[in-house]
Structure formats: C-alpha cells, structure tokens
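Commentary on secondary and tertiary structure
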Amino acid sequence: MNSTLSLNRPVRNYTLGSFKNPKLIEARPSRHQLCSHLIDFSKLKWFGNVNSRTGSSVQQQLRDYSGESRRITSRRIRVSSNDAQFGSFPNKGGTESSSFAEFITSERVKVVAMLALSLALCNADRVVMSVAIVPLSLAHGWSRSFSGIVQSSFLWGYLISPIAGGTLVDYYGGKAVMACGVTLWSLATFLTPWAAENSLLALLFARAMLGVAEGVALPCMNNMIARWFPSTERARAVAMAMAGFQLGNAIGLTLSPILMSQGGIFGPFVIFGLCGFLWVLVWLSATSSTPDRSPQISKYELDYIMNKRQKSHAVESKPKTKMIPPFRRLLSKMPTWSLIVANAMHSWGFFVILSWMPIYFNSVHHVDLRQAAWFSAVPWCMMALTGYLAGLWSDTLIRNGTSITLTRKIMQSIGFVGPAVALVGLTAAKTPSTASAWLSLAVGLKAFSHCGFLVNLQEIAPHYSGVLHGLSNTAGTFAAIFGTVGAGFFVELVGSFQGFLLLTSLLYFLAALFYIKFSTGERVNFDESGQYHSHHINT
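The notes below deal with the structure included here. Everything quoted here is computed from the prediction, not taken from an experiment.

1. Focus: the overall build of the protein chain
The number of helices and strands found in the protein chain is 21 helices and two strands. Counting across all 539 residues of the protein chain, residues that qualify as buried make up 55%. A separation of at least 24 residues holds for 81% of the contacts in the protein chain among residues at least 6 apart in sequence. Carbon and sulfur atoms make up 65% of the accessible area of the protein chain, which totals about 23,500 Å².

2. A look at the pattern of salt bridges
A side chain of one charge can pair with a side chain of the opposite charge when the charged atoms of the two come close. Under the criterion given, the structure shown has six salt bridges. Across the pair aspartate 395 and arginine 236 runs a salt bridge, and its minimum N-O distance is 3.4 Å. In this pair, aspartate 395 sits in helix α16 (residues 373-399) while arginine 236 sits in helix α11 (residues 234-263), placing the two residues 159 residues apart along the sequence. Taking relative accessible area as the criterion, aspartate 395 reaches 0% and is therefore assigned buried. Among the residues examined, arginine 236 registers a relative accessible area of 8% and is labelled buried. Between arginine 408 and glutamate 459 there is a salt bridge whose closest N-O contact spans 2.7 Å. Pair noted here: arginine 408 is in helix α17 (residues 404-428) and glutamate 459 is in helix α19 (residues 453-460), with a separation of 51 residues, a long-range link. Each of the two residues, arginine 408 as well as glutamate 459, counts as buried. A single network of salt bridges, built from pairs that share partners, joins Arg108, Glu233 and Glu301.

3. Focus: the nonpolar core
Soluble globular proteins tend to pack their nonpolar side chains together in the buried interior. Counting 121 residues, the largest nonpolar core has Leu115, Met221 and Ile225 as its most contacted members. Take this core: its biggest share by element is 16 residues, from helix α6 (residues 107-140).

4. Brief notes about the side chain of threonine 287
Mapped onto the fold, threonine 287 is located in the loop between α12 (267-286) and α13 (299-311). Looking at threonine 287, the relative accessible area reads 4%, which means it is buried. A polar atom in the side chain of threonine 287 sits 2.5 Å from the backbone oxygen of tryptophan 283. For threonine 287, the residues in contact, after removing those within four places along its chain, are Val111, Met114, Lys175 and Val282.

5. As for a nonpolar patch on the surface
A cluster of nonpolar side chains, contributed by Leu184, Leu187, Phe190, Leu191 and Leu274, occupies part of the molecular surface with about 370 Å² of accessible area. Examined against the element boundaries, leucine 187 turns out to sit in helix α8 (residues 174-198). For leucine 187, a relative accessible area of 38% gives the class partly exposed.

6. Considerations on the packing of aromatic side chains
According to the stated counting rule, one finds 14 aromatic pairs in the structure shown. Pairing tyrosine 171 with tyrosine 172 gives two aromatic rings, centres 4.9 Å apart and planes at 80°, and the pair type is edge-to-face. Here the aromatic rings of phenylalanine 514 and phenylalanine 518 are separated by 4.8 Å at their centres, their planes lie at 50°, and the arrangement is tilted. One end of the pair, phenylalanine 514, and the other, phenylalanine 518, are both in helix α21 (residues 497-518), four residues apart, so they sit about a helical turn from each other. Exposure remark for phenylalanine 514: the relative accessible area of 25% places this residue in the partly exposed category. The class for phenylalanine 518 is partly exposed, based on a relative accessible area of 28%. The structure contains a cluster of three or more aromatic residues connected by ring pairs, namely Trp348, Phe482, Phe490 and Phe500.

7. Some words on α8
Compared with the 36 Å implied by 1.5 Å per residue over 25 residues, the 35 Å span of α8 between its first and last C-alpha is a close match. At threonine 192, α8 shows its largest kink, close to 45°, and the proline proline 193 lies no more than four residues downstream.

The rules we used
- Residues numbered from 1 in each chain as written.
- Predicted model: local features only at pLDDT ≥ 70, side-chain atom pairs only at ≥ 80, totals over all residues.
- Heavy atoms only, no water.
- Helix = DSSP H or I, 4+ residues; strand = E, 2+ residues; numbered from the N terminus.
- Buried < 20%, exposed > 50% of the residue type's maximum accessible area, 1.4 Å probe, protein only.
- Contact = heavy atoms within 4.5 Å.
- Areas by Shrake-Rupley, 256 points an atom, 1.4 Å probe, with all protein chains shown as cover.
- Salt bridge = Lys/Arg side-chain N within 4 Å of Asp/Glu carboxyl O.
- Core = buried A, V, L, I, M, F, W, Y, C linked by side-chain atoms within 4.5 Å.
- Polar contact = N/O pair within 3.5 Å; in protein donor to acceptor, adjacent residues only side chain to side chain.
- Patch = residues over 30% accessible without salt bridge, like charges linked within 9 Å, V, L, I, M, F, W, Y side chains within 5 Å.
- Phe/Tyr/Trp six-rings, centres within 6.5 Å; stacked < 30°, edge-to-face > 60°.
- Expected span 1.5 Å × (residues − 1).
- Bend = angle between axes of the 7 residues up to and from the residue.

See below:
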C-alpha cells in the first residue's frame, strides 16, 4: 500500500477472497470504492504516498471481511476520515480534526446555528420590555417602583426553572425540552400585549412565565452540544451559540424601537412571538437529539463524531440518567462550586452592565441614549465576535496538546481578569468615547468565560450537565438580582457609580482565583460517595 494514489481510475481495495470471486467484483463494483461525493480526489495529491500506518490499517480491516459490502464501505470511510481527514493535516498533538469546509457545512453546525437562533430570540424577548416599559408606564401611569417590579417579574420565573429544567434536560434530552421552552416563552411574549391591556396580574404572570420557559434554554444548549460535538470542537460550538445569545440583546434593543414606530407599543412582542413559533416548527422537523438519530447526517460526519466521542468517553456510553440527580454528591465536590461561583460572578457583571450602564453613561457622561443606538449594539456585538474567536483559540489549544484543565483556566482567567481591568479603566475615563471603548472591552472579554466555566459543565459531568447548569444558573440569578438591586442602594449610600464598579472589579479578581484553584477539566465521579475522584479525559 505504498503506491501513489491515482487520480485517473477508481480506488479499489480487494482481499484475496475477492479475487477468487470475480462475480462479486463485476456485480457490485461501486460498493468496493469510496463514494466520489465524500472525497475530493483533486485534493488527495497533498498526501503523496499513503503511509504504512494507513496501509496496515486497511489490510487489517480487509482481513476481517465478512461478506457484507456495506460494512466494508463503512470501514473504509472510517479509515479515510481518520487518516486523511479530507484535506486537513495532523496537528502537533497528534489529534486530527475535520477541515473548516466540512465543519461549516456539517449537520452539527446546523444544530448549533438553530441553537444560536433560539438564544437570540430568548434574549430579544427578554430585553424588549426594557424598551417598552417607558411608553407602557406613561400609558398606564405606573410609578418607577412598579415599573421595576414589572421588569423584575422575569427573574421571578427564571429563579424557579433552571434546576428543574436542567433535570428534565438530562432525562429527556435537549431537543424536546428546548422545543417546549421556546413554545412557552414565545406564547408568553405573544400574549404580553393582551395581558397588559387587561390585568396587571396577568402581565406579571406572563413575564414570570417567560422567565420559567427561558430558564431551560442554556441547559438545553449545553446538552445538545455535549452530544453533537467532540471535546476538540465544543468551545467553538458554545461560542457560536452564545454569539446568538449576545446578538439577541443588540437585536432586541435596536429593532424594538423601529417595530414600535411601525406597529405600536406591542409590535415587537407580536413579531418576536411569531418568530419563536416558526423556529419550533423548523427545530422539530430539521434536527435530531443525537447524531446517530439524524437522517440527514453523512456517514463520514457520524463516524467522525462517534470516534472522537469514544476517545473522550461519550455521554451515550452510560445508561440513562436518573430522574432524581444526586444533589448532595454534586454539591460535595469543589469543581461544582467553582462553576457555581463562576456563573454567579458572570451573571452579576452581565446584569449590572445591562441594567446600569445606560444610566451610568447618562448621569456621568451626559450621553443622550435615545440618539445613541450604537451604545446598545456595539458592546454585545463585540461580545459575540470575541466569543467566537475565543472558541477557536480554545479548541486549537486542546488539539495542539494543551490539557483541557489548563485551557479552561486560561479562558476563564481572561474572561474575569480582563473585565476587572477594563472596569477600572472605565471609572477613570474622562470622555464618553473612551468610556464606551472600555465598556466594549469589558463586555467583549467576558465572552472568554463561555469557553471556561460554560464548556466545563459538559466535561466534569456530561450526565449531569443540565442539572449542574441549573444549579449554577440559579446562583447566577440570585447574584444578578442582588447585584442589580445592590447597585442602586450602593450608589445612594456612597453617591458614586465608580465605587460600585471598583467593587465589581474586585469580585471578578476573587472569582478568577477561586476558579483557578478548584476547577478541573477531568470527569468528576458524582455517582459514588467519598473523596474527590476524577477520570482523566482527552487532556
């Protein structure tokens, strides 16, 4: 098997048995050659002579020939995906990855693109009330305190669902739970105009139901990515999904005024609600909960995902998760607390910036926010861009031999220390443009956290990633409420926004140190009581 691959004739491999049976060769010649649509033969010249490892692999597989040509074809495709990778080269760490063209057109990217759209709708439905609250307050004569209650009613529901939703995700899978979640929050969004016109209690209930439904979004995203992506691509996949999450802020804040001007106060609620229903129809008809259940996936992609997942102890390699997770054992491990602390700090910073920075710029730098649409869009667009770049870098580090543990700690350190430094710069800024640059840098660097604690959930407990996400999300929601409300009291007590930003910066530093100390990229054994124990995975 050391001859040069020919571009002018079909590639065939025969066992000695096949030469003794010429009818097999004549009757089914296409079964004994690689499908032309799976290989671009013009690119095979890059590989020169087939090496001895490839030759020995093929010979070994042909010795096991069983007379079933379908299995021979499947095995030859597996050899090709592992040895040639269709135009990609082995990297320094010896772990091979699919080419960019294959990755971007693959079925798994279609899944993550749908997840990104759902998270964009999730945030757009969430922030539209922050735009509509001003005309609603004027129309109904609401006080500022009651307007705050209306806005916070979303968090009431969001407090309830993450743990229960995460448990359902682990048991039933991400596809079904995500479809139910998007249907429910789209219905709550669509019915918000009716609720606001008929009853204040109905309005509060609709917003709380929006929070309940959206509480399952991130656990579902984590569950689907854990099942569709090997560990060398998960950071990139999470970054793509979370890019949709961040762009949802920009979409909601910039499109809502336009939709209101054309369709009235309730225009954005109706449009976003209908978009959610449309998304559910596409999601149910075009995606599958796992790769092996997808009718559209190619044999090469399925083999690639399953081979990589077998090397990193795939989620499906274990019996179905118990309905009641082992909460006591989950909370007895310090890696769990590193994720809880990281999520809490991430949510604190996120909601403080989302809720108070417009007021900060208006009161400190006298920025007219009605004429500054760029202020709402630029930081979140920056977060989406840097998040994807962080995902690419994170996956590259792992493929080149850096341990998963070290990679996650690097990403999380940048995601916390970076915003901490940027917030200090924000407090010292003298002009609105300089302050906006520091704010965009802080928000952009926060996205590195998605390649830290957010991916880490799948790695330490793939069978309990949903409930772990729910636990950490609940802590994050408490931190968001405490930080958002506490900022107002702090400013009233001290009389300075800068002081609260410096406090937030200090908390970022402390959370980074805690994560570095106690986190791990190895699988933690949550099914046995006792001391900390882990299984090394793909480091």
